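Working through the structure, step by step
Below are the chains, spelled out letter by letter.
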Amino acid sequence: MLSVVPSIDPAIAALAPGFRALSITVEAAPIVDPGVAAAALARACRAVSGEDAPWAEAHLAAWAEAFKSFGAKPKRTPCSAEALRKRVLRDGDMPSIDPVVDLYNAVSIRYAVPVGGENIAAYVGEPRLLIAEGTELFDTVKEGETAHESPEPGEVIWRDDLGVTCRRWNWRQGVRTRLSAEASRMWFILESLPAMPLDALHAAGDELIDGLRLMMPGAAIDKKLIGFDLAEGK
């Protein structure tokens, strides 16, 4: 079974006490039913416009405070879950991107939780969540062309041995490790703060896993809880 061992710098605890995440690794199998993702995305969009998760507003507000704690401006660069949900509330739906991306976006929208999906085969070394020095390289796209930039000093980033894989915690993913349905080795990270109940985080992870298994029967999947203050029920 594929093993991914993400690490979290203890300094993150000062910015976001109680931070915890689900790390889900997948050895993929051929996709036999991409419609699973489309249906999940449609259900998630309806949920945002109708009966929402009771913790959603408080959880997104907590993420905004976490972003402010390292100097980000959440109104300009919100956490990934808030950005997706704002788009759904504005447009009424979310266009399809890719079956795997659609599936994890659906979970993020429905549960108001940032979800990252990465092609772990493109990583050099293990994922690490830490405070940026400001010299690290991040690959992105500007005006249709691949470009490189660096995070701000003090910014929270995910990175591997080569460079930044996601800026401003979960705001923008890089190009090099971008996930698609063609990837054979996948890693998902569902990130939560205490405003989201722990059982809701597990439910979000289970929904992602169930969707992956329906979409690609035969996939090998492993789930692990990581972070701070992992006592059940907190």
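Residues numbered from 1 in each chain as written. Predicted model: local features only at pLDDT ≥ 70, side-chain atom pairs only at ≥ 80, totals over all residues. Heavy atoms only, no water.

A few words on the environment of Ala37. Note that Ala37 resides in helix H2 (residues 35-49). A relative accessible area of 0% means that Ala37 is categorised as buried. Separated by 61 residues in sequence, Ala37 and Asp98 place their C-alpha atoms 8.6 Å apart. When residues no more than four places from it in sequence are discounted, the contact partners of Ala37 are Pro99, Asp102, Leu103 and Met215. (Helix = DSSP H or I, 4+ residues; strand = E, 2+ residues; numbered from the N terminus. Buried < 20%, exposed > 50% of the residue type's maximum accessible area, 1.4 Å probe, protein only. Contact = heavy atoms within 4.5 Å.)

This paragraph deals with the pattern of salt bridges. Counted according to the given criterion, the structure contains 11 salt bridges. Linking Arg168 and Glu155 is a salt bridge whose minimum nitrogen-to-oxygen distance equals 4.0 Å. Highlighted residues: Arg168 in the loop between strand E8 (164-167) and strand E9 (172-173) and Glu155 in the loop between strand E6 (145-149) and strand E7 (156-159), separated in sequence by 13 residues. Classification of Glu155 by relative accessible area gives buried; the value is 2%. By sharing partners, the salt bridges in this structure join Lys142, Glu149, Glu155, Arg167 and Arg168 into a single network. (Salt bridge = Lys/Arg side-chain N within 4 Å of Asp/Glu carboxyl O.)

Over its 12 residues, helix H4 (residues 80-91) extends 17 Å from the first C-alpha to the last, a length consistent with the 16 Å expected when each residue adds 1.5 Å. Looking at H4, one finds that the buried residues are Ser80, Ala81, Glu82, Leu84, Arg85 and Val88. Looking at the buried positions of H4, the neighbouring elements they touch are H2, helix H3 (56-69), helix H5 (99-111) and strand E3 (115-119). Gly92, located one to two residues past H4, shows a positive phi value of around 90 degrees. (Expected span 1.5 Å × (residues − 1).)

Judged by nonpolar contacts, the single largest core of 73 residues is most densely connected at Phe19, Trp169, Phe188 and Leu190. Those residues in contact with Trp169, other than ones at most four positions away along the chain, are Ile12, Ala16, Phe19, Trp63, Ala66, Phe67, Phe70, Leu129, Val156, Ile157, Trp158 and Glu191. One finds Leu130, Phe138, Ile157 and Val164 within the second-largest nonpolar core, a separate group that totals five residues. (Core = buried A, V, L, I, M, F, W, Y, C linked by side-chain atoms within 4.5 Å.)

Put simply, H5 and helix H6 (residues 198-215) touch, their axes get as near as 10 Å, and they point 155 degrees apart. Judged on the interaxial angle alone, H6 and H5 are roughly antiparallel. Crossing geometry of H5 relative to H6 is assigned as right-handed. Contact with H5, carried on its side by Pro99, Val100, Leu103, Tyr104, Val107, Arg110 and Tyr111, involves Ala200, Ala203, Ala204, Glu207, Leu208, Gly211, Leu212 and Met215 of H6 and no other residues of that element. Along the lines of polarity and charge, the residues of the contact of H5 with H6 split into 12 nonpolar, one polar and two charged. (Axes fitted to C-alpha atoms, helices over the stretch in contact; angles between N-to-C directions. Parallel < 35°, antiparallel > 145°, perpendicular 65-115°, else oblique. Left-handed = near helix turned anticlockwise from the far one by under 90°. Nonpolar A, V, L, I, M, F, W, Y, C, P; charged D, E, K, R; others polar.)

In this fold, Asp102 is placed in helix H5. A distance of 2.6 Å separates polar atoms of two side chains, one belonging to Asp102 and the other to Ser96. For Asp102, the contacting residues outside a window of four places in its chain are Ala37, Leu41, Pro95, Ser96 and Ile97. (Polar contact = N/O pair within 3.5 Å; in protein donor to acceptor, adjacent residues only side chain to side chain.)

With that settled, the discussion passes to H2. An ideal rise of 1.5 Å per residue puts 21 Å on 15 residues; H2 measures up with 22 Å between its terminal C-alpha atoms. Where H2 is concerned, the buried positions are Val36, Ala37, Ala40, Leu41, Ala44, Cys45, Ala47 and Val48. Seen from one end, H2 has its buried residues packed into an arc of 165 degrees, which puts them on one side. Those residues of H2 that are exposed and angled more than 90 degrees off the buried face are Arg46 and Ser49. (Arc of directions from axis to C-beta.)

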